[in-house]
Amino acid sequence: MMVWKAAWLYDNGKPCGAEANTAKYLAAEAAHQACQTAVLTLGGMGYAREYQVERYLRESYIPRIAPVSAQLIMCHIAERVLGLPKSY
Ligand SMILES: Cc1cc2nc3c(=O)[nH]c(=O)nc-3n(C[C@H](O)[C@H](O)[C@H](O)COP(=O)(O)OP(=O)(O)OC[C@H]3O[C@@H](n4cnc5c(N)ncnc54)[C@H](O)[C@@H]3O)c2cc1C
């Protein structure tokens, strides 16, 4: 829902920084959780390299690290949405 909202705001030329950051945060966490559940569901076969799922888990870290981490997204929300002072 947040991805759609951010995309709609962007497509309509409206400010979307908070929504885009929120969407990126939620999508990254959802992807990571899904991969972790997949590995644990498949047990040893989830961990084994030849079944690919372990690669998805590793790659699900990418959107949690780059181009910005969850902590920096939270810094953005804190400053730009909640009006809190810069924390770093
Ligand atoms: C696969 C991949 C491809 C990449 N491609 C590119 C590319 O094409 N171009 C490019 O320019 N870069 C690229 N990068 C780099 C990427 O942009 C950085 O890795 C990313 O911005 C995180 O910065 P960092 O690695 O310096 O980690 P850091 O910023 O040092 O983060 C390390 C930890 O410190 C935390 N942290 C940092 N600052 C704060 C703060 N103020 N408050 C609280 N916590 C904080 C972070 O949340 C994280 O947990 C790529 C990275 C990867 C993994």
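These notes cover the structure that comes with them. (Residues numbered from 1 in each chain as written. Predicted model: local features only at pLDDT ≥ 70, side-chain atom pairs only at ≥ 80, totals over all residues. Heavy atoms only, no water.)

### Comments concerning the site of the ligand
Move 1: In the vicinity of the ligand, the contacting residues are Ile-65, Ala-66, Pro-67, Ser-69, Gln-71, Leu-72 and Tyr-88.
Move 2: A distance of 2.9 Å separates an oxygen atom of the ligand from a polar atom in the backbone of Pro-67.
Move 3: The residue inventory of the shell around the ligand, partitioned by class, reads 5 nonpolar, 2 polar and no charged. (Near = heavy atom within 4 Å. Polar contact = N/O pair within 3.5 Å; in protein donor to acceptor, adjacent residues only side chain to side chain. Nonpolar A, V, L, I, M, F, W, Y, C, P; charged D, E, K, R; others polar.)

### Quick word on a nonpolar patch on the surface
Move 1: The grouping of Leu-42, Met-45 and Tyr-51 at the surface amounts to a nonpolar patch, some 310 Å² of accessible area in total.
Move 2: Looking at where Tyr-51 falls in the secondary structure, it is placed in the loop between α3 (44–47) and α4 (53–59). (Patch = residues over 30% accessible without salt bridge, like charges linked within 9 Å, V, L, I, M, F, W, Y side chains within 5 Å. Areas by Shrake-Rupley, 256 points an atom, 1.4 Å probe, with all protein chains shown as cover. Salt bridge = Lys/Arg side-chain N within 4 Å of Asp/Glu carboxyl O. Helix = DSSP H or I, 4+ residues; strand = E, 2+ residues; numbered from the N terminus.)

### Examining the side chain of Ser-60
Move 1: Within the secondary structure layout, Ser-60 lies in the loop between α4 and α5 (62–65).
Move 2: Only 2.9 Å separates the side chain of Ser-60 from the side chain of His-32, close enough to count as a polar contact.
Move 3: Once residues within four sequence positions are removed from consideration, Ser-60 is found in contact with Ala-31, His-32 and Cys-35. (Contact = heavy atoms within 4.5 Å.)

### Examining helix α6 (residues 70–81)
Move 1: Compared with the 16 Å implied by 1.5 Å per residue over 12 residues, the 16 Å span of α6 between its first and last C-alpha is a close match.
Move 2: For α6, the set of buried residues is Ala-70, Ile-73, Cys-75, Ile-77 and Ala-78.
Move 3: The elements touched by buried residues of α6 are α2 (17–42) and α5.
Move 4: Positive backbone phi, approximately 70°, marks Gly-83, located one or two places after α6. (Expected span 1.5 Å × (residues − 1). Buried < 20%, exposed > 50% of the residue type's maximum accessible area, 1.4 Å probe, protein only.)

Coordinates in, geometry out; function isn't part of it.
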